[in-house]
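# Fold and geometry: a report
What follows is each chain in one-letter form.
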Amino acid sequence: MTLTYRHHARCACASAHRGLVVRPFTFPGTSRKYERSRPFSFEHIALDLTLDIPGKQVHGVAGIVFERVDPEATELRLDAVGFTLISVTLEEGKGSKPVRYVYDGDVLAVAIPEGVSRGKVEVRYSTKPRRGLYFLAPDEHVRGRPTQVWSQCQDEDARYWFPCHDKPHLKQTTELRVKVPKGWYALSNGTLIGRTSEQDGEIFHWKQAKPHPSYLVTLVAGAFSILDGGTAAGVPITYLVPTGREEDGHRTFARTPAMVEHFSRLTGVPFPWEKYAQVVVSDFIFGGMENTSATTMYEHILLDERAALDIESDDLIAHELAHQWFGDYVTCRDWSHGWLNEGFATFFEHIERERRLGVDEYEYGLKGDLDAYLGEASSRYQRPIVCQDYEAPIDLFDRHLYEKGGWVLHMLRRELGDEIFWKGIRLYLQRHAFRVVETRDLLRALEEVSGRSLERFFDQWVFKAGHPHLEVKVEYSSGALLVEIKQTQKTSSEIPLFAFDLEIDLYPEHGEPHREVLHVETASETFVLPLAERPRFLVLDPRYLLLGELSAEIPADMLRRQLAEAPTARGRWTAALRLSTRDEEAVVRDLATSLSSEGEFWGVRAEAAAALGAIRSPDAMQALLSALPAARHPKVRRAVVAALGKFQKPEAAAALRTLALSDESYLVEAEAARSLGSTRQPQAFDTLVEILDRPSWADVIRSGAVDGLAALRDERAVPHLMARSRYGVPTRARRAAIRALPKIAVDRRTREAIEELLDDPDPYLRIDVVLALGDMGDSKARPALHRALERELDGRVRRRIREVLRDLTGTSRAEQQRLQEEVDRLRSDLQELRLRLAKVEARDDKPSSTGTQRPPPSRTKSAPVKKSPRGKSGKKSKSLRSP
């Protein structure tokens, strides 16, 4: 499953991670979750459904073949929420008869007589699903919405439309027979074994012959164009897209067969299902869902020709495809181990990009994921990747599960090497084929093929929370390079001091470069590296092995040479990042050179632009303006535009206005609008209003204009934003307008208008409504939020409501920031007073005339200094002749 914020979210600039209060992940009263008992195993579920589309109901018969596991069990429990039961029967041997049952509206408990070891329960029912199965239809405000029916069962929503054991640890084969209107197509798991036309509709019969969990059962029904994607690894591939979007469908999904072949080779497991279909639906509540053999995608995956200039859907396609192995073929035993599904799928996004675009794109994608994880870890919470303490399983589907999980796999790959790593992955998949897994299954497979103990690695990176916050200082003196390393994260029982190797590539003025490996495991360590001469430059963590925050104090001349000469793109963009704090003429000149280099990797140029924006000097602004006309790469142009938004100057606003009105890239126009507002120039208002309703892919231009109006802080924007927050406006623009309103208006009328949207049908929009109320900081929103919490079914929204209620202090986010700055100032003043007091006390502690004196102060234990001659710094030094 892909959360929509992951799709098309690749970063082009550096992110800041500090300054916000981090709260605990769990709320008071949260109970630890354990796997449910399975007294009966399920062998097969057969569904026979009739859809009442106007009534948004399902009339169904579910036949569940079971086998006894617990000899003393007396009832078979089925998750079934909000059903109207017509009959429940038990078939054993030759006959079928009514059976005793208890149903409380959530769980159907069917009595299984003692001595029945195997049988079939048949449930006839009807239901109007509140979740799990969704009925779409146009209305007076959204006339273009298609009539469709589609399912979304993860994490545990299958129970809303068919009875099942709705947990990932139980797998069974399935089949689905459904009647739909003529002209429609119905897609489900497995193989289409029957298609029958009747007078009032058409019946589709699908059968999934290999076992999978209930959350992967799918049904999509509607009018689609079916595109032939050919075959890959012997498997037929199809794409189902809205009528009229055939060209966009071929453009978007064209690389799917190559991905299937590549993933089959890497994993050593040929694509494990009977077919692979991808279907695009409207108003989908996630980015994509990896239903077994039939992935559902949201509508914004489809790219028109202009969108395809600088947007790719391959990350989302690769993510859901990887799930066919990681999640579907082998499935996490319970949701606490969900990173074995989502972390692998996220990692395979980068694997696909590396094959197609090279290692620079691979590493820059990892940078985006690391920034995303660090953003969540610094602004919301830190938790172990494997975590059993949560309210609802969806709470776990966050940046820790996806991005941090993917990063852990990347670290393992680089630590073990490709040959050993992929050998371990093949063993893991083959050993647990069509079964459930937990984290130790992966650990043991990798240990078995490598001969290495990985317990400490998994303990600190997977079973513990947090990450290292490193402060590194590099200084050359008297024939040695001194490297001081401090871990500054606040440690606890959950957040440890981390043990890791920090690699440093040293590039001398003369001779060959080489690598030093420094083993770190305490809070503060100093390493002494004997060197005959001062290095020309160096690169910290050259293989990108460190999942954490790394700030470095390195001489500016070394950083400038690193920017110009480092052999890897990552070496050069990290230099740009570290130069962003230096407002020096030579630094600005070198960053401008990097930005203007057409042969340079676009990510390096983007980071150079971001650094110039952070410097904010007149020379930096001029460098950005000079680079703009020649920035042909749209991602570079977008980075320059974003950086110009840091300058509240008419010259910057004039350049941004031109691009906001016209650029070949949707995203450049949108970013130009956003930055234009940030310049706070009065003339920006009319331009932003002019483009406010300009159509674009995924409504990105309108959203950019809305963000620009918010940044402009012009109260004339309020009625425009109110109008765009109403139902009927495209959802992404509505969401942007809702988040923008608190930045301009925090009055009662605005708050009440936002509160009215807490009942909107779109869960992502409801999240933005909750966050907007939190931004307003008005405690009078509490009653509305409490009422919303009582009726809210979506776990994502529930968690955000609870976070906002916890943090709602009665002051706006802007006022909180001002108060935090005042607290920081007072802390600084207090520290200065303490220093002055210490000096006074030191004066008073001089020996008295009687000769008595106070005992000497205790010594502070100094950090260890490790002498590390070349080639003997904990690990063997490595030649970097070919870094």
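Every value quoted in this text rests on a predicted model; they were computed, and no experiment measured them.

## Details of the overall build of the protein
From N to C terminus, the protein includes 26 helices and 31 strands. Of the contacts formed within the protein by residues at least 6 apart in sequence, a portion of 72% connects residues at least 24 apart. Surface accessibility of the protein: about 36,800 Å² in total, with carbon and sulfur atoms responsible for 49%.

## Remarks on the pattern of salt bridges
Inspection of every chain in the model, using the stated rule, returns 84 salt bridges. A salt bridge links Glu352 to Arg355, with the shortest nitrogen-to-oxygen separation between them at 3.8 Å. Residue Glu352 and its partner Arg355 are located together in helix H4 (residues 339-357), separated by three residues, close to a single helical turn. Given a relative accessible area of 36%, Arg355 falls into the partly exposed group. Among the charged side chains, a network of salt bridges with common partners joins Arg36, Asp79, Glu156, Arg159, Asp166 and Lys167.

## Quick notes on the sheet that holds strand S6 (residues 101-103)
Read across the sheet, three strands follow the order S3-S7-S6 without closing on themselves; strand pairing throughout is antiparallel. Of all strands in the sheet, those bounded by a partner on one side alone are strand S3 (75-79) and S6. Across the sheet, the mean angle from the axis of one strand to that of its neighbour is 15°, orientation sign disregarded. Of the strand pairs in this sheet, S3 and strand S7 (residues 107-111) are connected by five bridges, and their pairing is antiparallel. Across the sheet, Glu75 pairs through a bridge with Ala111, a residue of S7.

## Considerations on the packing of aromatic side chains
Under the counting rule described, the total for this entry stands at 35 aromatic pairs. Between Phe263 and Phe348, the aromatic rings sit 4.9 Å apart at their centres with planes inclined by 85°, giving edge-to-face as the arrangement. Of this pair, Phe263 sits in helix H2 (residues 256-267) while Phe348 is found in helix H4, placing the two residues 85 residues apart along the sequence. Here a set of aromatic residues connected by ring pairs shows up, and it is made of Phe263, Phe271, Tyr276, Trp325, Phe326, Phe344, Phe347, Phe348, Phe421, Trp422 and Tyr428.

## Focus on the sheet that holds strand S19 (residues 288-289)
Spatially, five strands are ordered S16-S17-S18-S20-S19 in an open sheet, and the strand pairing comes out mixed. What marks the edges here is a single partner per strand, and that holds for strand S16 (225-232) and S19. Relative to strand S20 (residues 294-297), S19 is paired through two bridges, and the arrangement is antiparallel. Bridge pairing in S20 places Gly288 opposite Met297. Here helix H3 (residues 314-323) sits on the sheet and contacts strand S18 (276-280), S19 and S20; the angle it forms with S20, its principal contact strand, is near 145°.

## Points about H4
An ideal rise of 1.5 Å per residue puts 27 Å on 19 residues; H4 measures up with 26 Å between its terminal C-alpha atoms. Just downstream of H4 lies Gly358, where phi reads positive at about 105°.

## Some points on unusual backbone geometry
The amide bond that connects Gln154 to the next residue, Asp155, takes the cis arrangement and shows omega of 10°. Of note in this structure, Ala233 is not a glycine but carries a positive phi near 50°. In this fold, Ala233 is placed in the loop between S16 and strand S17 (235-241). Phi at Arg713 takes a positive value of approximately 60°, unusual for a residue other than glycine. As for its position among the elements, Arg713 is in the loop between helix H19 (700-712) and helix H20 (718-724). Residue classification places Arg713 among the partly exposed positions, given a relative accessible area of 42%.

## A word on the packing of H19 against helix H21 (residues 731-744)
Where H19 meets H21, the closest approach of the two axes is 9 Å, and the angle between their N-to-C directions is 0°. Overall, the two elements H19 and H21 adopt an arrangement that is roughly parallel. Note on element contacts: H21 touches H19 through Arg732, Ala733, Ala736, Ala737, Ala740, Lys743 and Ile744, opposite Arg702, Ser703, Val706, Asp707, Leu709 and Ala710.

## Let's talk about the pairing of strand S4 (residues 83-92)
Pairing between S4 and strand S8 (residues 118-127): eight bridges, direction antiparallel. Directly across from Thr84, in S8, lies its bridge partner Ser126. Where S4 meets strand S5 (residues 95-98), four bridges bridge the pair, whose relative direction is antiparallel. Looking at S5, one finds that Glu92 is bridged to Gly95. Following S4, the chain reverses through two residues before pairing antiparallel with S5; Gly93 in that reversal takes a positive phi of roughly 70°.

## What to know about the confidence of the model for the protein
Low pLDDT means the predicted coordinates in that region are not meant to be read closely. Per-residue pLDDT for the protein has a mean of 92; in total, 90% of the residues score no lower than 70. The low-confidence segment residues 9-19, where pLDDT is below 50, has 35 contacts with residues more than four positions distant or belonging to other chains. Here residues 847-883 is a poorly scored stretch, pLDDT under 50, and it has 56 contacts once near neighbours within four places are set aside; other chains count.

## Observations regarding the pairing of strand S27 (residues 524-530)
Counting buried residues in S27 gives five out of seven residues, a clear majority hidden from the surface. The pairing of strand S24 (residues 480-487) with S27 spans seven bridges and is antiparallel. For Leu482, the partnering residue across the bridge sits in S27 and is Val528.

## Some points on the environment of Leu192
Note that Leu192 resides in strand S13 (residues 191-198). You can call Leu192 partly exposed: its relative accessible area is 31%. Taking the C-alpha atoms as reference points, Leu192 and His205, separated by 13 residues in sequence, lie 5.9 Å from one another. Contacts of Leu192, omitting those with residues within four sequence positions, involve Tyr185, Phe204, His205 and Trp206.

## Observations regarding the environment of Arg36
Along the chain, the position of Arg36 falls in the segment before strand S1 (40-52). Given the relative accessible area of 28%, Arg36 is considered partly exposed. Distance from Arg36 to Lys167, taken between C-alpha atoms, is 8.0 Å for residues 131 residues apart in sequence. Arg36 has contacts with Asp79, Arg159, His165, Lys167 and His169, leaving out every residue within four places of it along the chain.

## A short note on the side chain of Thr439
Mapped onto the fold, Thr439 is located in helix H8 (residues 439-450). Within the structure, the side chain of Thr439 is placed 2.8 Å from the side chain of His337, a separation counted as a polar contact. Those residues within four positions of Thr439 in sequence are excluded, and the remaining contacts are His337, Trp339, Leu340, Val386, Phe458, Val462 and Phe463.

Rules of the game
- Residues numbered from 1 in each chain as written.
- Predicted model: local features only at pLDDT ≥ 70, side-chain atom pairs only at ≥ 80, totals over all residues.
- Heavy atoms only, no water.
- Helix = DSSP H or I, 4+ residues; strand = E, 2+ residues; numbered from the N terminus.
- Contact = heavy atoms within 4.5 Å.
- Areas by Shrake-Rupley, 256 points an atom, 1.4 Å probe, with all protein chains shown as cover.
- Salt bridge = Lys/Arg side-chain N within 4 Å of Asp/Glu carboxyl O.
- Buried < 20%, exposed > 50% of the residue type's maximum accessible area, 1.4 Å probe, protein only.
- Pairing = 2+ DSSP bridges.
- Axes fitted to C-alpha atoms, helices over the stretch in contact; angles between N-to-C directions.
- Phe/Tyr/Trp six-rings, centres within 6.5 Å; stacked < 30°, edge-to-face > 60°.
- Expected span 1.5 Å × (residues − 1).
- Parallel < 35°, antiparallel > 145°, perpendicular 65-115°, else oblique.
- pLDDT = per-residue confidence, 0-100.
- Polar contact = N/O pair within 3.5 Å; in protein donor to acceptor, adjacent residues only side chain to side chain.

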